[in-house]
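# Topology and contacts: notes
Read off the chains here:
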Amino acid sequence: MIPTSILRTWFLGLFSFFLLGTAVYCSHRWYHHAWSYDFEHQRSYFDPHLGFNHLTLLLAIAVGLFVWVLAGGLIVRALFGALAKAKSSAAGNSQTGRDREGIVASRLGRPDGSELHVESFGPEGAPVIVLTHGWGCDRTEWDYLKKDLGNRFRLIVWDLPGLGRSAQPVNKDYRLENLAGDLHTVLGLAGNRPAVLVGHSIGGMITLTFCRLFAQELGSRVAGLALVHTTYTNPVRTTSMASMFTALERPLIVPLLHVTIALAPLVWLMNWMSYLNGSSHLSSIGSGFAGHETWEQVDHITRLGIKASPAVMARGMFGMLAYDATATLKSIQVPALIIAGDRDPVCKPVASERMRQDIPGAQLTPLSPAKHMGLIEQHKVFGARIGEFAAACFKSAPPAPGV
């Protein structure tokens, strides 16, 4: 998620409240008119007048809306399954590939006293890849990659502060410079071996910020970078309809972020309502997937975004608004792989092309068809490309000095 996503969050939440409010109103009107008074016997009696009439229409609308509010997600799932069954079976993507064996879990301290949750997979002596997930997700975003590369590489995955099992920062500071410092701490688990850094969305922004703050690590402890569906500057500037969103940034997006922090419990309730009625699933499909996804993939990514604290999400978005790595690109002197979704509306391909031009020797690999979650939808191609790139980086990287 990027800062413009806050507009979608509030729209879906208010739409969910509208559905519920309309259902309550219609049911109340129906119930009120279903009572009549018998003057002869001096008593009220209930007569719903079921049939082809206005009263029955109110009841039907109320029932339909309540079903939508409480079970719309199941309806969306049924429709999605009917449309995508043949396509998903042909693609062989019926489930995420989670492998819970061989995990080494760690808790790393941050300067403010909070802790990060980190997990390591794969052979201990294998080359190291450090994976940084996107905003609103957690380490499980890399489940496919862990299955595909876990027998060849030592994969280190971590939850960004406030997401997954990592604690929220005590000082509530989500500047990307702090998150880059967290990445530097996680990199320490590689010991004296060089590692390839892979970052998706905000993970790519954190990686580029790391390159600015810890430039001395490039070439020694960092053998290469893979920047996935990400951008080099404030993501509001490189998303679809960027001109409109840039104009709305100060008068609307920033105030909504403040309101989201202040009313986090209410926004959390709105998020879960949009999950139940299926509107958040449709939103995830529209921004994240290009038509070859499975329901399990859609639901997994949607649920991760719903579980995240709205206040954490908003604070991280404030950090993205202050981000700009344009000047850092030309100073990167390690191999860089840029992976873009050809239809990504969140971080448009033009941002990836700019990074390819400015980073010396960078390679650009488009995923097609793919949007912002192309690393999951096209996970086989993605895993193969990351594996090839990492192997080439480690083959050419000099031995790292002792750390």
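Only a predicted model underlies this, so the values are computations on that prediction, with no experimental measurement involved.

### Focus on the overall build of the chain
When you go through the chain residue by residue, the secondary structure sums to 13 helices and 10 strands. Taken over the C-alpha atoms alone, the chain extends approximately 100 × 45 × 40 Å along its principal axes. Counting contacts in the chain only where the partners sit at least 6 residues apart, residues at least 24 apart contribute 78% of the total. In the chain, which carries 35 positive and 29 negative side-chain charges, the distance between the mean positions of the two groups comes to 3 Å.

### Some thoughts on the packing of helix 1 (residues 5-33) against helix 8 (residues 279-288)
In a packed pair of helices, the relevant descriptors are the angle between the two axes and the axis-to-axis distance. Viewed as axis vectors pointing N to C, helix 1 and helix 8 meet at an angle of 150°, and their least axial separation amounts to 10 Å. One finds that helix 1 runs roughly antiparallel with respect to helix 8. In this structure, the crossing between helix 1 and helix 8 has a hand that is right-handed. Where helix 1 abuts helix 8, its residues Arg8, Leu12 and Ser16 lie against Ser279, Ser280, Ser283 and Ser287. Taken together, the residues that form the contact of helix 1 with helix 8 break down as one nonpolar, five polar and one charged.

### Description of the pattern of salt bridges
For the structure shown, the criterion picks out 14 salt bridges. Linking Lys146 and Asp143 is a salt bridge whose minimum nitrogen-to-oxygen distance equals 3.0 Å. Placement of the pair is Lys146 and Asp143 together in helix 3 (residues 143-149), with a separation of three residues, close to one helical turn. Residue Arg250 is joined to Glu249 by a salt bridge in which the shortest nitrogen-to-oxygen separation is 3.8 Å. Overall, Arg250 belongs to the exposed group, its relative accessible area being 58%.

### What to know about the packing of helix 7 (residues 264-276) against helix 9 (residues 295-307)
Two elements in contact, helix 7 and helix 9, have axes separated by 9 Å at closest approach and are oriented at 160°. Between helix 7 and helix 9, the interaxial angle falls into the category roughly antiparallel. The handedness of the crossing between helix 7 and helix 9 is left-handed. Counting all contacts with helix 7, which are made through Trp268, Asn271, Trp272, Ser274 and Tyr275, the residues of helix 9 involved are Asp299, Thr302, Arg303, Ile306 and Lys307. Classifying every residue of the contact of helix 7 with helix 9 by side-chain character gives four nonpolar, three polar and three charged.

### Details of the packing of aromatic side chains
What the rule picks out here adds up to eight aromatic pairs. Here Phe153 and Phe394 contribute two aromatic rings whose centre-to-centre distance is 6.3 Å and whose plane-to-plane angle is 35°, an arrangement assigned as tilted. One end of the pair, Phe153, is in the loop between helix 3 and strand 6 (154-158); the other, Phe394, is in helix 13 (residues 379-396), and 241 residues separate them in sequence. In terms of burial, Phe153 and Phe394 fall into one category: buried.

### Let's talk about the pairing of strand 3 (residues 104-109)
By the bridge criterion, six bridges tie strand 3 to strand 4 (residues 115-121) in an arrangement that is antiparallel. Across the sheet, the residue bridging to Ser106 is Val118, located in strand 4.

### Quick word on a nonpolar patch on the surface
Nonpolar side chains collect at one region of the surface, where Val259, Leu263, Leu266, Trp268 and Leu269 lie side by side and expose about 410 Å² of accessible area between them. When residues in the nonpolar patch are grouped by element, the largest group, three residues, is from helix 7. Tracing the sequence through the fold places Leu263 in the loop between helix 6 (242-262) and helix 7. Leu263 gets classed as partly exposed once you look at its relative accessible area, which sits at 38%.

### So, the nonpolar core
By size, the foremost hydrophobic cluster in this structure holds 64 residues, and its most contacted members are Val130, Trp135, Ile202, Phe210 and Ile359. Leave out the neighbours within four places in its chain, and Trp135 touches Met1, Leu160, Pro161, Leu163, Tyr174, Ile202, Val312, Met313, Gly316, Met317 and Met320. Counting 37 residues, the second largest nonpolar core, distinct from the first, contains Val76, Val198, Met373 and Cys393.

### Concerning unusual backbone geometry
Along the chain, Ser368 connects to Pro369 via a cis peptide bond; the corresponding omega equals -10°. Positionally, Pro369 belongs in the loop between strand 10 (363-367) and helix 12 (374-377). Despite not being glycine, His229 has its phi angle at roughly 45°, a positive value. Looking at where His229 falls in the secondary structure, it is placed in the loop between strand 8 (222-228) and helix 6. Relative accessible area serves as the criterion here: at 1%, His229 is assigned to the buried category. Backbone geometry places Met241, a non-glycine residue, at a positive phi of 55°. Within the fold, Met241 resides in the loop between strand 8 and helix 6. On the accessibility criterion, Met241 (53% relative accessible area) is exposed.

### Comments concerning the confidence of the model for the chain
Averaged over all residues, the pLDDT of the chain equals 90, while 93% of them reach at least 70. Element-level mean pLDDT values for the chain span from 71 in strand 1 (residues 35-38) up to 98 in strand 7 (residues 195-200).

### Digging into the pairing of strand 6
With five of five residues buried, strand 6 is to be regarded as a mostly interior element. Covered by surrounding structure in strand 6 are Arg154, Ile156 and Trp158 together with Leu155 and Val157, the residues of both alternating faces. Strand direction decides the pairing type here: strand 4 and strand 6, joined by four bridges, are antiparallel. Within strand 6, the position partnered with Val118 by the bridge is Trp158. Looking at chain direction, strand 5 (residues 128-132) and strand 6 are connected through five bridges and run parallel. Residue pairing across strands places Thr132 opposite Trp158, the latter belonging to strand 6.

What counts as what
Residues numbered from 1 in each chain as written. Predicted model: local features only at pLDDT ≥ 70, side-chain atom pairs only at ≥ 80, totals over all residues. Heavy atoms only, no water. Helix = DSSP H or I, 4+ residues; strand = E, 2+ residues; numbered from the N terminus. Contact = heavy atoms within 4.5 Å. Lys, Arg positive; Asp, Glu negative; His and termini not counted. Charge placed at Lys NZ, Arg CZ, Asp CG, Glu CD. Axes fitted to C-alpha atoms, helices over the stretch in contact; angles between N-to-C directions. Parallel < 35°, antiparallel > 145°, perpendicular 65-115°, else oblique. Left-handed = near helix turned anticlockwise from the far one by under 90°. Nonpolar A, V, L, I, M, F, W, Y, C, P; charged D, E, K, R; others polar. Salt bridge = Lys/Arg side-chain N within 4 Å of Asp/Glu carboxyl O. Buried < 20%, exposed > 50% of the residue type's maximum accessible area, 1.4 Å probe, protein only. Phe/Tyr/Trp six-rings, centres within 6.5 Å; stacked < 30°, edge-to-face > 60°. Pairing = 2+ DSSP bridges. Patch = residues over 30% accessible without salt bridge, like charges linked within 9 Å, V, L, I, M, F, W, Y side chains within 5 Å. Areas by Shrake-Rupley, 256 points an atom, 1.4 Å probe, with all protein chains shown as cover. Core = buried A, V, L, I, M, F, W, Y, C linked by side-chain atoms within 4.5 Å. pLDDT = per-residue confidence, 0-100.

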